[in-house]
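Read off the chains here:
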Protein chains: 2
Amino acid sequence: MVAPRFQIAVDTLGSESPTTHIVAGARDFINANSDCVLTLIGRSRDFSGFPSNRCRVVDCPTAVPQHATLLDVLRKKSDSSLRAGLSLLANRSVHALVSTGNSGALMVLGRQIISTLPGISRPAMIKQFTRSKGSFWMLDLGANLARRQGLLSEFARIGSAYASSIGGLKDAKVALLNIGTEAHKGPQYLRDTAMELARDPHVNFVGYVEAHALFDGIADVVVTDGFTGNVVLKSIEGALGIARQHVQDALESSDDAKSESVSKQVNTSLNAQTYNGASLVGLRGVIVKCHGNTNHIGIRSALALAKHEIVAQVPQRLEAHFEQSQRLN
Amino acid sequence: MVAPRFQIAVDTLGSESPTTHIVAGARDFINANSDCVLTLIGRSRDFSGFPSNRCRVVDCPTAVPQHATLLDVLRKKSDSSLRAGLSLLANRSVHALVSTGNSGALMVLGRQIISTLPGISRPAMIKQFTRSKGSFWMLDLGANLARRQGLLSEFARIGSAYASSIGGLKDAKVALLNIGTEAHKGPQYLRDTAMELARDPHVNFVGYVEAHALFDGIADVVVTDGFTGNVVLKSIEGALGIARQHVQDALESSDDAKSESVSKQVNTSLNAQTYNGASLVGLRGVIVKCHGNTNHIGIRSALALAKHEIVAQVPQRLEAHFEQSQRLN
């Protein structure tokens, strides 16, 4: 057996999904990854069937509720499972944290408990979207609501460094999400950002991309503000849900024995677009957030992504990248 | 034969689609609607096969290019087919204009040539999205880029009045698009708008809606700023394109005789989500904008929507609605 090298904590509370799904996904993952140790945080009675030598339990039964306000999160729930997970990451007891709960709480507490990497003012939420040939990453998906030129340029640099560290892309094509591709299109802060990025030697800026062309391979990294990014993510999710429904209806009315296999295949490929995890990047540690409605497959994917980021040394390489670019400036 | 009562102008230039598609759609429409007269604007040699007693031709071969800048539009193309169409609408030679070209130009010239209805400061782009049970309208889809409380409240009132006039909804449920449904979620201008709408006696405000739940029937009218609305529209379009591709792939690999009919059915239902027309509301006249990549079916739908708005007296009823609400305030 390979000696366990990767320590990942999972906050099993605060999700909209049943804990059994989360635990099942974690169990699938640990059984397939003998080089990992999991720290399960939540109600210890929920955790059974894990290999005892590669599983630790932190009994912390208090969740941050899905609908907690910012104030609740910061003031009241000092003993929450999320806070316990972030503290493990802060004191380097684990390499990564996978969270299934409240995104807002994760972002607020993440910034409070984990240090931001030097040269980065705000962490951003990034996620990979797959398309038939290759894939792209988009950020920010909701960690920051401000729409400012400097922030978007920083996201462009974070995204580019992330794609290089995890995707091995040396010169990732970076685009700004806009409502047109011509230079004069969109609000002023976007046009200012485009001017700044065009001059940035650390970013291979390719211009604007429109939301309908996201999957066309124009960019490896798509940059937008957290409000817009969150809306795009959820629009895609909603549209794919509608598509699944239409496919279901069409197949059912076709009265065909093969319908079920086709339907399953379509469901799997469309689900994969939305249910993979997203990462909070820019902090000193790996943090992966699962979709709130995730199933065991989603948890397994999120854990695989966390391991992938540890192996690729994403935080370390981001830090090195930002240090180097600051020296050059 | 019914005497023609509805006069609709079609600007056939400036589209990304071939003119033959646009002309074919217009011909389909006029042959099925004996109560309409079309005014075709563009290159007169392109227009054949129309009933001569219900078709007028305005020979105006100059298009506003798809990629014209605002300045180009306002200064240079004084003889464009779009300007000709808007002038016909302004002097009441026609009841409605259907445009297939540059959206930005339509909005800028529309506001310049057609008066805004009293009580409305800026027109908005609105579109109906269909779901399995019922449908919803969303605005603004790109006519205005500013994110301001007052503007969003105005869009809420326009959307509510539009749903009442064209959809017969007496008390349309109006929601604000946000990145969460709790009161404390999202940027300040959205929370301020929510407070204002909650007190507005002319709007049945039901709170926030998230983009993944747009098709869930929570709201009849979804209000957002033009940047976000445009991005949502195009995200849905892009995601449905991806879905169509996945369905195609799954059906092809299933090696099934019925695949083709299922594939067609799915394509038709998913296409309908994106290729219907959008209306520019808030001006004294009916203006419907086709998707830039529309086919003959899209043109026919846009013409049908224009006729529907004339029959429903949308501009007149919006005017009456805003006059009444101003008297009450």
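Preceding block: the structure.
Every chain is numbered on its own, with residues counted from 1 as its sequence reads. Here every chain gets a letter starting at A, and every ligand a number starting at 1, in the order they are written. Under the rules for a predicted model, residues below a pLDDT of 70 receive no local features and side-chain atom pairs below 80 are neither given nor counted, while totals for whole chains, interfaces and linings still include all residues. With hydrogens and water set aside, each side-chain value is computed from the structure's full complement of heavy atoms.

## Quick look at the interface of chain B and chain A
We call two residues in contact whenever any of their non-hydrogen atoms come within 4.5 Å of each other. With 49 residues of chain B at the contact, the number on the chain A side is 49 residues. Of the roughly 4,300 Å² buried where chain B meets chain A, counting both sides, 69% is carbon and sulfur surface. A simple way to read buried area is as the amount of 1.4 Å-probe accessible surface that goes missing from two parts once joined, with both sides added. It is B:Ile179, B:Phe227 and B:Lys234 in chain B that bury the most area against chain A; as a group they hold 14% of the surface buried on that side. With a shortest N-O distance of 2.4 Å, A:Glu210 and B:Lys234 are connected by a salt bridge. Counting residues per element, the ones that place at least two in the side of chain B that touches chain A are α6 (188-198), α7 (226-254) and α8 (259-275) of chain B. Where helices and strands are cited, they refer to DSSP runs of H or I of at least four residues and of E of at least two residues respectively, numbered from the N terminus. With 20 residues, α7(B) is the single largest residue contributor to the side of chain B that touches chain A. Taken together, the residues of the side of chain B that touches chain A break down into 24 nonpolar, 17 polar and eight charged. Salt bridges are identified by distance alone: a Lys or Arg side-chain nitrogen within 4 Å of an Asp or Glu carboxyl oxygen. Charged residues are taken to be Asp, Glu, Lys and Arg, nonpolar residues to be Ala, Val, Leu, Ile, Met, Phe, Trp, Tyr, Cys and Pro, and polar residues to be all remaining types, Gly included.

## Remarks on the relation of the copies chain B and chain A
Between chain B and chain A, the superposition needs a rotation of 180° and an axial shift of 0.0 Å, giving an RMSD of 0.0 Å. Such a combination of turn and shift is consistent with a two-fold rotation axis. Mapped onto chain A, 100% of the interface residues of chain B again fall at the interface, so both copies present the same surface. When the copies are superposed, the least-squares fit takes in the C-alpha atoms of residues with a pLDDT of at least 70 in both.

## Observations regarding the pairing of strand β4 (residues 96-99) of chain B
Residues and elements named next belong to chain B. For each residue, the accessible area found with a 1.4 Å probe, counting protein chains only, is set against the maximum for its type, and the residue is called buried under 20%, exposed over 50%, and partly exposed in between. Side chains Ala 96 and Val 98 project from β4 onto one buried face, and the interleaved Leu 97 and Ser 99 project onto a second face that is buried too. Two strands pair when backbone bridges link them, and strand β1 (residues 6-11) and β4 are joined in this way by four bridges, in the parallel orientation. In the strand pairing of β4, Asp 11 is matched with Ser 99. Pairing geometry for β4 and strand β11 (residues 286-289), over four bridges, is parallel. Across the sheet, the residue bridging to Ser 99 is Lys 289, located in β11. Pairing between two strands is assigned when DSSP locates at least 2 bridges connecting them.

## Quick notes on the nonpolar core
Grouping buried Ala, Val, Leu, Ile, Met, Phe, Trp, Tyr and Cys residues that are joined through side-chain atoms within 4.5 Å yields what is termed a nonpolar core. One finds A:Leu214, B:Ile8, B:Leu38 and B:Leu214 to be the most contacted residues of the largest nonpolar core, which totals 193 residues. Other than its neighbours up to four places away in sequence, A:Leu214 contacts A:Phe136, A:Met138, A:Leu177, A:Val209, A:Val222, A:Val232 and A:Ile236.

## Structural notes on the pairing of strand β10 (residues 278-281) of chain A
Residues and elements named next belong to chain A. Residues Ala 278 and Leu 280 line one face of β10 and the alternating positions Ser 279 and Val 281 line the opposite face, and both faces are buried. Pairing analysis gives four bridges linking strand β5 (residues 124-130) to β10, with the strands arranged antiparallel. Across the sheet, the residue bridging to Lys 127 is Ala 278, located in β10. Relative to strand β11 (residues 286-289), β10 runs antiparallel, the two sharing three bridges. In the sheet register, Leu 280 faces β11, and the bridge partner there is Ile 287. Between β10 and β11, which pair antiparallel in sequence order, lie four residues; one of them, Gly 282, sits at a positive phi of approximately 115°.

## Remarks on the packing of helix α1 (residues 19-32) of chain A against helix α9 (residues 296-311) of chain A
All names here are of chain A. Think of each axis as a best-fit line through the C-alpha atoms, taken over the contacting stretch in the case of a helix, with angles from 0 to 180 degrees between the N-to-C directions. In contact at an axis separation of 7 Å, α1 and α9 are set at 45° when each is read in the N-to-C sense. In terms of orientation, α1 lies oblique with respect to α9. In the packing of α1 onto α9, the handedness of the crossing is right-handed. Residues His 21, Ile 22, Ala 24, Gly 25, Ala 26, Asp 28 and Phe 29 of α1 pack against His 296, Ile 299, Arg 300, Leu 303, Ala 304 and Lys 307 of α9. Looking at side-chain class alone, the contact of α1 with α9 contains seven nonpolar, three polar and three charged residues. Orientation labels follow simple angle bins: below 35 degrees gives roughly parallel, above 145 gives roughly antiparallel, 65 to 115 gives roughly perpendicular, and whatever is left gives oblique. With the far helix as reference, a near helix turned anticlockwise by less than a right angle produces a left-handed crossing, and one turned clockwise produces a right-handed crossing.

## As for the environment of A:Leu270
As for its position among the elements, A:Leu270 is in helix α8 (residues 259-275). A residue is classified by how much of its surface remains accessible, and A:Leu270, at 0% relative accessible area, is buried. It is 22 Å that separates the C-alpha atoms of A:Leu270 and A:Val209, two residues lying 61 residues apart in sequence. Beyond its immediate sequence surroundings of up to four residues, A:Leu270 is in contact with A:Leu240, A:Ala243, A:Arg244, B:Ala243 and B:His246.

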